[in-house]
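Listed below, chain by chain, are the residues.
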Amino acid sequence: MRKVTINTLNTMKQNGEKFSVIAAYDASFSTLIEQAGVECLLVGDSLGMTVQGYDTTVPVTLEQMCYHIECVRRGNNHSLIIGDMPFGSYNSIDESLVTATALMQAGAHMVKLEGGEWLIDTVAAMSDRGIPVCAHLGLTPQSVNKLGGYRVQGREPEAAEQLLRDALDLQRAGADLLVLECVPTPLAQEVTNALSIPVIGIGAGHLTDAQILVIYDMLGITPNKIPKFSKNFLSETADVAEALKVFHSQVASGEFPGPEHGFK
Ligand code: KIV
């Protein structure tokens with residue numbers, strides 16, 4: 001097994017090979033994810049909802065993110081580990097550098113933050129200082145209170161144009177990856193084709209360079225309805241390790257997600 005780096009992911013995009021990402025928060029799942037060959041692991045602030053039981057990701061702290069990154073890193077030597085910058089921890093460039101440094105020192109190989117135009121200078125400052133950055137556009141859950149709910153973004157032409165502009169500007173500022181969450185499939189395809197950096201989709205259809213699912217959703221460990229864009233891989237396999245392997249291989253082959261998992 002080889003260590004996954006940003007070069008691995010760029011080469012995969014250039015070769016048209018799809019890669020997979022799972023959001024997870026502990027050492028045991030981290031090891032199984034590594035053994036399944038999943039290229040990246042996101043220690044997402046979704047842990048505020050899946051693990052901590054909050055309604056949103058807003059209450060998650062930097063200290064909690066560092067704790068979970070340390071747990072995940074101890075269980076995994078090969079996947080590229082991305083750590084979420086929590087709500088309110090990147091309101092200024094200085095603050096973002098302190099936050100990103102803490103996440104990298106906890107064991108992340110890259111940090112992720114949510115937002116468009118207002119983050120251009122922040123992304124450039126982090127990139128200049130050797131901190132790899134994953135941007136996140138579309139449905140940005142930290143802004144749920146401003147968005148008025150968890151709903152598909154970029155359906156109106158002006159919003160779609162703004163999203164494409166933001167994606168190109170973030171790439172120019174130095175972003176290494178982009179997560180697109182809950183946007184119509186044709187918009188995700190347009191952004192994926194326009195960018196040279198890999199685009200990871202969740203609820204963004206089947207035409208992005210990579211796919212991410214939250215481990216609790218893909219194993220059916222959720223008290224709520226599984227989102228339209230997800231799938232219960234455990235019910236097909238009855239074995240967690242096998243479920244992770246099937247997810248990885250179905251993303252690589254293009255079998256998952258299907259067009260039915262995307263939004264119009
Ligand atoms: O926090 C998270 O798990 C995420 C993914 C859903 C993209 O941001």
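Whatever comes next refers back to the structure up there.
Residues numbered from 1 in each chain as written. Predicted model: local features only at pLDDT ≥ 70, side-chain atom pairs only at ≥ 80, totals over all residues. Heavy atoms only, no water.

Asker: Can you walk me through the pattern of salt bridges in this structure?
Answerer: Between side chains of opposite charge, a pair can form as their charged atoms come close. Tallied over the entire structure, the rule returns 4 salt bridges. Lys13 is the salt-bridge partner of Asp209, the closest N and O atoms lying 2.8 Å from each other. With a gap of 196 residues between them, Asp209 in the loop between strand S7 (199-202) and strand S8 (210-214) and Lys13 in helix H1 (residues 6-14) connect regions that are remote in the sequence. A relative accessible area of 12% places Asp209 in the buried class. When the shortest N-O distance is used, the salt bridge between Lys112 and Asp84 registers 2.8 Å. With Lys112 in strand S4 (residues 110-114) and Asp84 in strand S3 (residues 80-84), the pair connects residues that are 28 residues apart, well separated along the chain. Its relative accessible area of 2% is what places Asp84 among the buried residues. (Salt bridge = Lys/Arg side-chain N within 4 Å of Asp/Glu carboxyl O. Helix = DSSP H or I, 4+ residues; strand = E, 2+ residues; numbered from the N terminus. Buried < 20%, exposed > 50% of the residue type's maximum accessible area, 1.4 Å probe, protein only.)

Asker: Sorry if this is basic, but what is going on with the packing of helix H4 (residues 62-74) against helix H5 (residues 93-106) here?
Answerer: Two packed helices can be described by the angle between their axes and the distance between those axes. Following both chains from N to C, one finds H4 and H5 inclined at 25 degrees, their axes separated by 8 Å at the closest point. The orientation of H4 relative to H5 falls into the category roughly parallel. For the pair H4 and H5, the sense of crossing is right-handed. Of the residues in H5, those touching H4 at Leu62, Met65, Cys66, Ile69, Glu70 and Arg73 are Thr99, Ala102, Leu103 and Ala106. Of the residues assigned to the contact of H4 with H5, the class counts are 7 nonpolar, 1 polar and 2 charged. (Axes fitted to C-alpha atoms, helices over the stretch in contact; angles between N-to-C directions. Parallel < 35°, antiparallel > 145°, perpendicular 65-115°, else oblique. Left-handed = near helix turned anticlockwise from the far one by under 90°. Contact = heavy atoms within 4.5 Å. Nonpolar A, V, L, I, M, F, W, Y, C, P; charged D, E, K, R; others polar.)

Asker: Just checking my understanding: could you explain the side chain of Glu114 for this structure?
Answerer: Positionally, Glu114 belongs in strand S4. For Glu114, which is buried and forms no salt bridge, the nearest opposite charge comes from Lys112, at a distance of 4.3 Å. At 2.8 Å, the side chain of Glu114 forms a polar contact with the backbone nitrogen of Gln142. Those residues within four positions of Glu114 in sequence are excluded, and the remaining contacts are Asp45, Tyr90, Leu119, His136, Thr140, Pro141, Gln142 and Ser143. (Lys, Arg positive; Asp, Glu negative; His and termini not counted. Polar contact = N/O pair within 3.5 Å; in protein donor to acceptor, adjacent residues only side chain to side chain.)

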